[in-house]
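Next come the chains, spelled out residue by residue.
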Amino acid sequence: MKRYYDPFMMISIISCVSVLLFILIPLIQMLLAPSWEMITESIRDPDIQRAIGLSLYTSGMAALIAFIIGTPFAYLLARKTFFGKRVVEGIIDLPIVIPHPVIGIAILGIVGKQHWLGAFLHSMGVRLMGTISGIVIVLTFVGMPFYINTVKNGFEAIPVRLEHVSRSLGASFRSTFFRITLPLAFRSIIVGFIMCFARAISEFGAVVVVAYHPMTAPVLIYERFTAYGLKYSQPIAVLLILVSLMLFVALRLISKKDMNI
Amino acid sequence: MIQIHNLCIQLSEFSLKNINIHIKEHEFFVLLGPTGSGKTLLVESIAGLTPITSGKIIIKGQDMTHAPPEKRKVGIVYQDYALFPHMTVMENIQYGLAYHTHGPDDLQRIQDLMTKTGIIKLSHRKIKHLSGGEKQRIALIRALAVNPSVVLLDEPLSSLDPGFRDDIQNLLKMLHKNTGTTFLMVTHNFAEAFFLGERGAILNQGVLEQCSPVDALFSSPQTPFVARFVGFKNIFRAQIKNNLAKTNHFELEIPPPILPDVDQICFRGEDIQVFSTRPNSNQRNTLYGKIQNIIDRGPYFDLSINVNNTLIHVSMTKSELINNAYCVEKEIYLVIPNQAIHTLAADKTYVENEFPNLGNT
């Protein structure tokens, strides 16, 4: 008997293959384009080393800040219903939808001496324009929604009854959070961290407005591209992808625990 | 033991209204009611997991109305077990000990409970590899491990297979007897309530309808809702005077004493005696009717009898139906023993036409 293929399933398979090719072809082309000599030369280039190192450092710091500030916030959003919650959730998502250079301009607007916040930071000796701190602030701004949304979903997936039982057994709210909720949300927290880190490491538009120097990897790629052309920007991009990939795989392996909630 | 005084909880779409319940020490109390009646909300308010709007909750003589859950010494067991999935069986059971002073005696007591319930051999197993029955045993032992004043059970048997359900029922009975702990169990299963409960209450849409010994809940309902809920299929408005209840369709003699403000009567379908021919003429409460419908319910049959243009519902066994050749349109006589008739107080929520009125009233 002739095997029957559902037309919709065929369309789904075709669309799946098309999307995969759409994503993979340019990336594979970019990965294969630079010669081995160019890659090794790039690894030895101190500017490239500094830029990739700075990207990893600032993105890691942004993800860390997101973890510290975003985790209790995500918990609140997951567990409580309050007036204006939808508005708060909408505000969290704003950095995702705003064009990236606009984010940079918005941050510049408040760190200048004309703004009270900028004036206050200046009086405290904090400079954001053209500094690593400025880059971290920008990357936290763009990465925070990815962390909060992921971790919020993780907290929501933990039955509130586990916390109820813990409380009834004598654990305080804090004990319950650290012994029950946080361990069970560990995987979501790692995924949120990765999401925030990934979003931050790829940021160019907002960073270039606030801090062209010191150069992060995306800014250096852009500079090499405009100054020397495609051939000289590709090896840095390949290195950035490889370093990020190794980091993500390592974090995924750490988080690979089956909690079976 | 637990005294609930005028408890009110106002949520956006539901409210518990003026609940008054007193649960005695060592008692097994059951809380019955349909889905969405507020049973779980009441239990969680006793555990301190839901803020209350007004009223008081007193546990062991102490006002716990606004005490945090961890200060109440109230254990809770849910139908979905709520075991901590990242811990072993032993870690789950010993979880609460970190927050209570305990000695070797307590550890020995827990060990004994684990042995009696057959979970000692599972001590080092992860939760995901256990059956529903095993999980529920662990949840029970975990709640009892910290020696709570009361254990709240929120439908602990409803997600179990029938075999496990019987096991856990027996286990609950045994634990209640051996530990002397007060139990409050939410259920909508009458068999469980009968088997385990000493006293009970029935909730309906956030209102306490009746609170009495469990057998009285089923045999002597006080409101039309309770009567319907516990299986009284025949409820009629009636004028009640001098031990005589007069409905629009028939008259029945009812047993004394007659309480004031009663305006309805009810009786169970299975309490009605059915005859093919007119029974002894001295027999009281005899009604003549015609079988209008027969429904096969598996273990028994439901017959709808048209008596003076209203329906009376009768339940009988298959053998009784076959032996007497009862069939639709057959004319029969019903005898309703007056001890089977209960009077009910007025209730605005009662909707008479749930029992079809055939007109001519």
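Cut-off values and rules
- Starting from 1, residues in each chain are numbered consecutively following that chain's sequence as written.
- Chain letters start at A and ligand numbers start at 1, both assigned in the order the entries are written.
- Predicted model: local features are reported for residues with pLDDT of at least 70 only, side-chain atom pairs are reported and counted for 80 or more only, and whole-chain, interface and lining totals are derived from all residues.
- Labels follow the DSSP assignment, with helices taken as runs of H or I lasting at least four residues and strands as runs of E lasting at least two, numbered in each case from the N terminus.
- Any residue surrounded by 20 or more other C-beta atoms within 10 Å of its C-beta is treated as buried, while 12 or fewer makes it exposed and the intermediate range makes it partly exposed; C-beta atoms here are placed from the backbone.
- Residues are scored as being in contact if the C-beta atoms we place from backbone atoms lie within 7 Å.
- A set of buried residues qualifies as a nonpolar core if it consists of Ala, Val, Leu, Ile, Met, Phe, Trp, Tyr and Cys joined through C-beta atoms within 7 Å.
- Per the annotation, domain bounds derive from an automatic or database assignment of domains.
- Note on pairing: two strands pair once DSSP finds at least 2 bridges between them.
- Only the contacting stretch of a helix is used when fitting its axis, a line to C-alpha atoms as for every element, and angles between N-to-C directions run 0 to 180 degrees.
- Amino acids outside the nonpolar list (Ala, Val, Leu, Ile, Met, Phe, Trp, Tyr, Cys, Pro) and the charged list (Asp, Glu, Lys, Arg) are all regarded as polar, and Gly is one of them.
- Every residue is assigned a pLDDT by the predictor, reflecting its confidence on a scale from 0 to 100.
- The cut-offs work like this: below 35 degrees is roughly parallel, past 145 is roughly antiparallel, 65 to 115 is roughly perpendicular, and the gaps in between are oblique.
- By the definition used in this description, the sense in which the near helix is turned from the far one sets the handedness, with an anticlockwise turn below a right angle giving left-handed and a clockwise turn giving right-handed.
- In a helix, the anticipated span is given by 1.5 Å times the number of residues less one.
- Bend at a given residue is defined as the angle between two axes, one fitted to the seven residues that end at that position and one fitted to the seven that begin there.
- Directions are taken from the helix axis to each C-beta atom, and the arc is the one they span.

## Let's talk about the overall build of chain A
Point 1. Check the secondary structure of chain A and you find 12 helices and zero strands.
Point 2. In terms of overall dimensions, chain A has C-alpha extents of about 80 × 65 × 30 Å along its principal axes.
Point 3. Across the 261 residues that make up chain A, the buried fraction comes to 36%.
Point 4. For chain A, restricting intrachain contacts to residue pairs at least 6 apart in sequence, the fraction spanning at least 24 positions comes to 79%.

## Here we look at the overall build of chain B
Point 1. The helix and strand inventory of chain B stands at nine helices and 21 strands.
Point 2. Each principal axis of the C-alpha atoms in chain B carries an extent, and together these give about 75 × 45 × 35 Å.
Point 3. Per-residue burial for chain B yields a buried fraction of 42% across its 361 residues.
Point 4. Residue pairs in contact within chain B that sit at least 24 positions apart in sequence constitute 68% of those at least 6 positions apart.

## Here's the deal with the nonpolar core
Point 1. Counting 158 residues, the largest nonpolar core has Val-138, Tyr-147 and Cys-196 of chain A together with Ile-141, Leu-152 and Leu-184 of chain B as the members making the most contacts within it.
Point 2. Ranked by the residues each element gives to this core, the list is headed by helix α7 (residues 132–156) of chain A, at 13 residues.
Point 3. The residues that make up this core include at least three from each of domain 1 (2–216) and domain 2 (234–354) of chain B.
Point 4. Residues in contact with Cys-196 of chain A, not counting those within four places in the same chain, are Ala-62, Ala-63, Ala-66, Gly-143, Met-144, Phe-146 and Tyr-147 of chain A.

## Some details on the sheet that holds strand β19 (residues 310–316) of chain B
All names here are of chain B.
Point 1. Read across the sheet, five strands follow the order β16-β20-β17-β18-β19 without closing on themselves; strand pairing throughout is antiparallel. The sheet is open, and its two borders are formed by β16 (273–275) and β19, each paired with just one other strand. For this sheet, the mean inter-axis angle between neighbouring strands, taken without regard to orientation, is 45°.
Point 2. In this sheet, strand β20 (residues 331–335) lies alongside β16 in antiparallel orientation, the contact comprising three bridges. Paired with Gln-273 across the strands is Val-335, a residue of β20.

## Looking at the interface of chain A and chain B
Point 1. Every contact between the two is made by 17 residues of chain A and, on the other side, 19 residues of chain B.
Point 2. Breaking the side of chain A that touches chain B down by element, the ones donating at least two residues are α8 (160–168) and α9 (173–201) of chain A.
Point 3. The greatest single-element share of the side of chain A that touches chain B, amounting to six residues, is contributed by α8 of chain A.
Point 4. Looking at side-chain class alone, the side of chain A that touches chain B contains 10 nonpolar, five polar and two charged residues.

## With respect to the sheet that holds strand β14 (residues 251–253) of chain B
All names here are of chain B.
Point 1. The sheet built from three strands is open, its strands ordered β12-β13-β14 with antiparallel pairing. Strands with a single pairing partner mark the edges of an open sheet, and in this sheet they are β12 (239–241) and β14. The average undirected angle you get between the axes of adjacent strands in this sheet is 20°.
Point 2. Relative to strand β13 (residues 244–246), β12 runs antiparallel, the two being bridged by three bridges. The residue of β13 that forms the bridge with Gln-239 is Lys-246.

## Considering the domain arrangement of chain B
Point 1. As assigned here, chain B comprises domain 1 (2–216) and domain 2 (234–354).
Point 2. When each unit is reduced to the centre of its C-alpha atoms, the spacing between domain 1 of chain B and domain 2 of chain B is 39 Å.

## Examining the confidence of the model for chain B
All names here are of chain B.
Point 1. Averaged over every residue, the pLDDT of chain B is 88; the share at 70 or more is 95%.
Point 2. Here residues 348–361 is modelled with pLDDT under 50, and outside its nearest four sequence neighbours on either side it reaches 15 contacts, counting other chains as well.
Point 3. Scoring the predicted complex yields pTM 0.83 and, for the interface, ipTM 0.82.

## Quick word on the packing of α8 of chain A against α9 of chain A
Residues and elements named next belong to chain A.
Point 1. Running from N to C, α8 and α9 point in directions that differ by 140°, and their axes come no closer than 10 Å. One finds that α8 runs oblique with respect to α9. Our pair here, α8 against α9, has a crossing hand that is right-handed. Counting all contacts with α8, which are made through Leu-162, Glu-163, Ser-166 and Arg-167, the residues of α9 involved are Thr-176, Arg-179, Ile-180 and Thr-181.

## Quick word on the pairing of strand β6 (residues 74–78) of chain B
Residue and element names in this part refer to chain B.
Point 1. Burial runs high along β6: five of the five residues are buried.
Point 2. Alternating positions in β6 separate into two faces, Val-74, Ile-76 and Tyr-78 on one and Gly-75 and Val-77 on the other, with burial throughout.
Point 3. Relative to strand β7 (residues 150–154), β6 is paired through five bridges, and the arrangement is parallel. From the neighbouring strand, Gly-75 faces β7, where its bridge partner is Val-151.

## Here's the deal with the packing of α9 of chain A against helix α12 (residues 230–255) of chain A
Residue and element names in this part refer to chain A.
Point 1. Across the interface, α9 lies against α12 with an axial gap of 9 Å and an inter-helix angle of 170°. Considering their axes alone, α9 and α12 lie roughly antiparallel with respect to each other. Together, Phe-186, Arg-187, Ile-190, Val-191, Phe-193, Ile-194 and Ile-201 of α9 and Ser-244, Phe-248, Leu-251, Ile-254 and Ser-255 of α12 make up the contact between the two elements.
Point 2. In terms of residue class, the contact of α9 with α12 is built from nine nonpolar, two polar and one charged.

## Considerations on the environment of Ile-235 of chain B
Point 1. On the secondary structure map, Ile-235 of chain B appears in strand β11 (residues 234–237).
Point 2. The spacing of Ile-235 of chain B and Gln-264 of chain B is 29 residues in sequence and 6.9 Å in space, taken between C-alpha atoms.

## Some details on α7 of chain A
Point 1. Under the 1.5 Å per step criterion, the end-to-end length of α7 of chain A is 35 Å for 25 residues, consistent within 8% with the ideal 36 Å.
Point 2. Taking the largest bend as the criterion, α7 of chain A deviates by roughly 40°, centred on Gly-143 of chain A, and proline Pro-145 of chain A comes between one and four positions later.

## Points about helix α3 (residues 104–116) of chain B
Residues and elements named next belong to chain B.
Point 1. Compared with an ideal rise of 1.5 Å per residue, which puts 13 residues at 18 Å, α3 spans 18 Å between its outermost C-alpha atoms and is within 8% of the ideal.
Point 2. When α3 is considered as a whole, its buried residues turn out to be Ile-110, Leu-113 and Met-114. Projected down its long axis, α3 carries its buried residues within an arc of 100°, all on one side. Seen from the buried face of α3, the exposed residues on the opposite side, beyond 90 degrees, are Pro-104, Asp-105, Gln-108, Asp-112 and Thr-115.
Point 3. Looking at the buried positions of α3, the neighbouring elements they touch are α2 (89–93) and α4 (132–145).
Point 4. Looking one or two residues beyond α3, the residue adopting positive phi is Gly-118, at roughly 75°.

## Some details on unusual backbone geometry
In most cases, non-glycine residues show a negative phi, while peptide bonds are predominantly trans.
Point 1. With an omega of -10°, the peptide bond running from His-213 of chain A to Pro-214 of chain A counts as cis.
Point 2. With respect to the helices and strands, Pro-214 of chain A occurs in the loop between α10 (205–210) and α11 (217–228).
Point 3. Positioned with a positive phi, Tyr-81 of chain B is a non-glycine residue whose angle comes to about 70°.
Point 4. On the secondary structure map, Tyr-81 of chain B appears in the loop between β6 and α2.
Point 5. The class of Tyr-81 of chain B is buried, set by 24 C-beta atoms lying within 10 Å.
Point 6. Positive phi, normally seen in glycine, also occurs at Asn-242 of chain B, with a value near 50°.
Point 7. Take Asn-242 of chain B: it is sitting in the loop between β12 and β13.

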